[in-house]
Structure formats: structure tokens, C-alpha cells
Amino acid sequence: MQMEIRGAEKLSFRERQVVTLKEMGFSTEKIAAKLKLSPSSVATLFNRARSKGYQVVIVIPGESLGLFGPEDEEEAFE
């Protein structure tokens, strides 16, 4: 699985870190410990990033969902 953050260029480095970890499902407390920040700083960074607007797009290959094999994906482009 790949994750793409559209609009990341609007975010600061710290905001990108927080958004990435938050979107991966980490709690505010775990993010704070990992980045050596207070939980309130993590919440502030996340809220600031949300106000700037970004989109998270998750790219999931078809074969990982059991929908396509490599040969099926090639046929779709013909």
C-alpha cells in the first residue's frame, strides 16, 4: 500500500510528519512520543495542517485485493 498526501507542499515539515503518522492510525500520544513533542503540539500541528487543506490518497494494487492478476491488469490497458 502506498499513501500520497496531495497538497503536502502547503504543509511544514513537522505538519507533514504529524499528518503522515495520524493518517497511518497512530494516536496523538504515540506521535508526540515519537517526535518528542507534547500531545498539545501534535494536536495543534494536525489542526493547522487540516486548515491548510490536504487530501490523502491510498494506492492499493489490484492484485493485493485479489481482483486482478498481472495478466488481467495488462489486458485492461489494451
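Residues numbered from 1 in each chain as written. Predicted model: local features only at pLDDT ≥ 70, side-chain atom pairs only at ≥ 80, totals over all residues. Heavy atoms only, no water.

**Some words on the nonpolar core**
In plain terms, the rule: Throughout, nonpolar core names a set of buried Ala, Val, Leu, Ile, Met, Phe, Trp, Tyr and Cys residues whose side chains join them through atoms within 4.5 Å. Buried, partly exposed and exposed residues are distinguished by accessible area as a fraction of the type maximum, computed with a 1.4 Å probe on protein chains only: under 20%, between the cut-offs, and over 50%, respectively. Where helices and strands are cited, they refer to DSSP runs of H or I of at least four residues and of E of at least two residues respectively, numbered from the N terminus.
Membership of the largest hydrophobic core comes to 14 residues, with the highest contact counts inside it found for V18, V19, I31 and Y54. Among the elements of the structure, α1 (13–23), α2 (28–35) and α3 (39–52) are those that each provide at least two residues to this core. Top contributing element to this core by residue count: α3, with four residues.

**Examining the packing of aromatic side chains**
As a reminder, the rule being used: Aromatic pairs are defined between Phe, Tyr and Trp rings, using the six-membered ring for Trp, whenever the two ring centres lie within 6.5 Å; interplanar angles under 30 degrees are classed as stacked, those over 60 as edge-to-face, and all others as tilted. Our definition puts a charge over a ring when NZ of Lys or CZ of Arg is within 6 Å of the ring centre and also within 35 degrees of the ring normal.
Scanning the entire structure with this criterion turns up zero aromatic pairs. One residue, K22, lies across the ring of F46, its end atom 5.7 Å from the ring centre.

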